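Structural characterization, general
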Amino acid sequence: MSKRSSQSWILGAVLVAGLALAAACQAPSESPQDLASLSSRTYVPVGEWDKYYAFLSGGQSGGVFVYGLPSGRLIRSIPVYEPRAAYGYASVPGTESYERLAATGPMWGDTHHPILSESGGDYDGKSLWINDKANSRIARVDLRTFETKAIVKIPNLQATHGIAVISPDTSYIIANGEFRTEVPSGRVDVTAYSSMMAFLDPMTLEPRFEVLMPGNCDIADSSKDGRWAFTTMYNLEEAVTIEGMIQREEDAIGAIDIRAAEAALERGEFTMINGVKVIDPEKTTERVVYLIPVPKNPHGCDVTPDGKYVMGTGKLSPTVTVIDISKIDQVENLRDAIAGQPDVGLGPLHTTFDGRGNAYTSLFVDSQIVKWDIEKAIAGDPTYIVDRMDVHYNVGHTQATLAETMHPTGEYLLSLNKLSKDQFLPVGPTMPESQELIDISGEKMMMLASFPAEPEPHDAVFMLAKDLIPHVVQTEELAENAVPEDGSRVERVGPNEVHVYMTAIRSKYGLNDFTVKQGDKVTITITNIETIRDMSHGSANENYGINLALDPGQTRTVTFVAEKPGTYWYYCTWFCSALHLEMRGRMMVEASE
Ligand code: RUQ
Ligand code: CUA
Ligand code: CA
């Protein structure tokens, strides 16, 4: 095992060297390739579909971007923690999506890590979860409709960062709180600072329990047998400044024994804090938390598809620490669970897999993806480095197709680069992020293409299109409150309360007009009664701040107080037919005396 670690490093040097090296490595190091044949590998003919869905987190854009691979075409963006008028999402008070988001915190977020539901260790196409680092939240997106369906603020933690599905059957969603803060919160008490790992119900996202953790929990993953939750931790110093956080030579990968945690809950070994069962691992009969030492301030935490190893990727150390999962609860000294610690290059952040025994590590400082042979590295065979590929520039996350499942396809790898610099047409001082698509099906990596993204994808997951398409609905199922074809009407339900019901279908609303009184509390319910896919309608009320978007079959409601008297047209916002522009009606608000 290499003992060369991070000693020679200081943070400033890491960053400066990173930028300098990035500027110097513009030309791909590969031998000249036939560009036409390379570009044909990403060419998807008109009318044909991509082989993969790629879900990229939106970072401070607050949602998820959905691209097709290998074309790199943006197919959809899914708003989660930010309003998006186009989809009528969280942009209008009095709508369901707005009230749900507003109830959990501000109307913006910082998403890093998309994860997908699993059955039997493979993606089942049901749900996607995404964290909000800035506001301690997590959300679930329903993949049948690509819509956000649940958002929860997680109690007792700050900075929801690493999240993971507990494999193989999505028994929990885990979410750690990266920043140490007092538990319970609501007072300043440095002595009560702790990180946290929350175990959430996958559907409701309610915490089933939490575990107090030292250090700063960072990236998370799980073993393939449902037994272990893992997280990298970079602040065993328990410091509150950057200088303090890089004092010691070692930090850890934390392993939480889920079985032991559940047993502790059964024995009542927990404290209720803000309605959540919180386990203090110092106070349990059975050991719940193991801290496996790794070089200081690690970042990535990734379990191999065969479930044998969990890897801590070095960041400040040029190494990846490979931990034998089967040894964690067997060895006296946790160092003996470390199977290997290969040098891979400068600034390693994340590691991904092709299912053929190779790991691919992103090197932020070297601006490279390095491919290495896991078993050779463990055996100390000096030829473990298989290939290196320059990327543009300063890669953060990297993911290979289906690498998080037990059956990676080993076909493509995405390099999610932090800086695009000169890669795209200039658009002002801030440039888009650059994603590079690399073919990993052969011995040597092959750079295929790049595509830009809005700020700022951190991580990505992929699904084979054939596995997801059968789950995607073509029209929404009619809801209980759907307005039937002949059901458009106005009902006064109280002296100052009116319910308006109408349908929308090419190219007419069920009501040409309706009248309410100034000061009325108005609830409008609209159902798009189209029965074929892609026939969306909308309803925007001119100068009234009201905007609904309706998938085929969908019912939406909005409640507001009609404060302004006068005539206000509502009109369709989705171009639905040749008479789309005529699709409108009048809301008339009679002035109160
Ligand atoms: S963290 S690279 Cu959430 Cu790696 Cu961003
Ligand atoms: Cu309905 Cu345009
Ligand atoms: Ca540290």
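What comes next concerns the included structure.

About the thresholds
- Residues numbered from 1 in each chain as written.
- Chains lettered and ligands numbered in written order.
- Predicted model: local features only at pLDDT ≥ 70, side-chain atom pairs only at ≥ 80, totals over all residues.
- Heavy atoms only, no water.
- Helix = DSSP H or I, 4+ residues; strand = E, 2+ residues; numbered from the N terminus.
- Rg over C-alpha atoms; globule rule 2.2 N^0.38 Å.
- Buried < 20%, exposed > 50% of the residue type's maximum accessible area, 1.4 Å probe, protein only.
- Contact = heavy atoms within 4.5 Å.
- Areas by Shrake-Rupley, 256 points an atom, 1.4 Å probe, with all protein chains shown as cover.
- Pairing = 2+ DSSP bridges.
- Axes fitted to C-alpha atoms, helices over the stretch in contact; angles between N-to-C directions.
- Donors = N, O, S within 2.8 Å, 3.2 Å for Na, K, Ca; no water.
- Phe/Tyr/Trp six-rings, centres within 6.5 Å; stacked < 30°, edge-to-face > 60°.

**Section: the overall build of the protein**
Across its full length, the protein holds seven helices and 40 strands. Against the compact-globule benchmark of 25 Å for 593 residues, the protein has a radius of gyration of 26 Å, which places it among compact chains. Scored against the burial criterion, the 593 residues of the protein give a buried share of 59%. Considering only contacts within the protein whose residues lie at least 6 apart along the sequence, 59% involve residues at least 24 apart. Working note: accessible area of the protein is about 24,100 Å², and carbon and sulfur atoms make up 53% of it.

**Regarding the sheet that holds strand β23 (residues 358-363)**
Overall, antiparallel pairing links the four strands, which are arranged β22-β23-β24-β25 in an open sheet. Across the chains shown, the open sheet's two edge strands, defined by having one partner strand only, are β22 (348-353) and β25 (385-390). When strand polarity is set aside, the average angle formed by the axes of neighbouring strands in this sheet is 20°. Bridging between β23 and strand β24 (residues 368-373) involves six bridges; their strand directions are antiparallel. Bridged to Leu363 within β24 is Gln368.

**Details of the coordination of the calcium ion (ligand 3)**
Distances from the calcium ion (ligand 3) to its protein donors, namely Tyr234 (O), Glu237 (OE), Glu237 (OE), Met245 (O), Asp251 (OD), Asp251 (OD) and Asn297 (OD1), fall within the range 2.3 to 3.0 Å. Here the donor residues of the calcium ion (ligand 3) share one chain and are spaced in sequence as Y-x2-E-x7-M-x5-D-x45-N. Accessibility classification places Glu237 together with Met245 in one group, the buried group.

**A word on the pairing of strand β4 (residues 115-119)**
For β4, the tally of buried residues reaches four of five residues, placing the bulk of the element in the interior. Pairing of β4 with strand β5 (residues 122-132) involves four bridges; the strand directions are antiparallel. Each residue of the ladder has a partner; that of Ile115, found in β5, is Trp129. In sequence, β4 turns back onto β5 through a hairpin of two residues, with Gly120 there showing a positive phi of about 60°.

**Here we look at the sheet that holds strand β1 (residues 52-57)**
Read across the sheet, four strands follow the order β3-β2-β1-β30 without closing on themselves; strand pairing throughout is antiparallel. Here the strands that pair on one side only, and so sit at the sheet edges, are β3 (73-79) and β30 (460-464). Averaged over all neighbouring strand pairs, the angle between strand axes comes to 20°, with direction disregarded. Two elements, β1 and strand β2 (residues 63-69), share six bridges in a ladder whose sense is antiparallel. Looking at β2, one finds that Ala54 is bridged to Tyr67.

**Considering the environment of Glu433**
Take Glu433: it is sitting in strand β28 (residues 433-439). For the pair Glu433 and Phe451, spaced 18 residues apart in the sequence, the C-alpha separation amounts to 8.4 Å.

**What about the packing of aromatic side chains?**
Applying the stated criterion across every chain, the model contains 14 aromatic pairs. Where Trp228 meets Tyr290, the ring centres are 5.4 Å apart and the plane angle is 75°; that geometry is what we call edge-to-face. Of this pair, Trp228 sits in strand β13 (residues 228-233) while Tyr290 sits in strand β17 (residues 289-295), and the two are 62 residues apart along the sequence. Here the two residues Trp228 and Tyr290 agree in accessibility, since each one is buried. Counting every residue linked through ring pairs, the aromatic cluster contains Tyr53, Phe55 and Phe146.

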